[in-house]
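# Structure at a glance
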Amino acid sequence: ASAYVPPAARKAGGGAYVPPGARRGAATGGTSLAERMRQEREGSSAAVSAKKVTKKVGPVGAASVVAATDASSINNPDGKSKNAIRREKQRLAKEKAEREAAEAERRKKDEEAARAQANMADPEKRA
């Protein structure tokens, strides 16, 4: 287990395996995975040490979960569930379709009544 000797310094025919990271020289290579993990664990990276600790005011524990799930009330001030909104939309669409059908039926009857009235007033069609 001798120290690493670069290929140029070795005598001809040296057969020791040199790992890829060591071939380029230790000074030129970047940080190894082990070194990066060690830095992250120790908290020496800038991202970890730059985080500021702030005090949270509000409910703690399970009470805070209720507030998090109430995020849908931002989009929906009535506090209705998505399913309730869907049912209401369906009900309104059905009522609108029924109103339009009733209006079309009434218009059709009015036209028939006007046609019958015109037929009664026309002497040619009465005969």
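Up top is the structure.
One structure accompanies this document, and this report is about it. (Residues numbered from 1 in each chain as written. Predicted model: local features only at pLDDT ≥ 70, side-chain atom pairs only at ≥ 80, totals over all residues. Heavy atoms only, no water.)

## What to know about the overall build of the protein
Our working definition: Only DSSP runs of H or I covering at least 4 residues are called helices, and only runs of E covering at least 2 are called strands; the numbering of each starts at the N terminus. Buried means the residue's accessible area, taken with a 1.4 Å probe over protein chains only, is under 20% of the maximum for its type, while exposed means over 50%, and partly exposed covers the values in between.
A count of helices and strands for the protein gives seven helices and zero strands. Counting helices and strands in the order they occur from the N terminus, the protein gives α-α-α-α-α-α-α. For the protein, with 127 residues in total, the buried portion stands at 2%.

## Quick word on the pattern of salt bridges
To keep things clear, this is the line we draw: Basic side-chain nitrogens of Lys or Arg form a salt bridge, by our definition, when they fall within 4 Å of a carboxyl oxygen of Asp or Glu.
Following the criterion strictly, the structure yields five salt bridges and no others. The shortest N-O distance in the salt bridge between glutamate 88 and lysine 80 comes to 2.6 Å. By relative accessible area, which is 29% here, glutamate 88 ends up partly exposed. Classification of lysine 80 as partly exposed rests on a relative accessible area of 32%. Note that arginine 106 is salt-bridged to aspartate 110, the shortest N-O span being 3.0 Å. Linking arginine 106 with aspartate 110, this pair stays in helix H6 (residues 82-121), spanning four residues, or about one helical turn. The class of aspartate 110 is partly exposed, set by a relative accessible area of 43%. Through salt bridges with shared partners, a single network forms among Glu103, Arg106, Arg107 and Asp110.

## Overview of the environment of lysine 80
The condition is simple: What qualifies as a polar contact is a pair of N or O atoms within 3.5 Å, subject to a donor-acceptor requirement within protein and to the restriction that residues adjacent in sequence count only when both atoms come from side chains.
Position of lysine 80 relative to the elements: it lies in the loop between helix H5 (72-75) and H6. For lysine 80, the side chain forms a polar contact with the side chain of glutamate 88, separated by 2.6 Å.

Nothing here speaks to function; it is geometry throughout.
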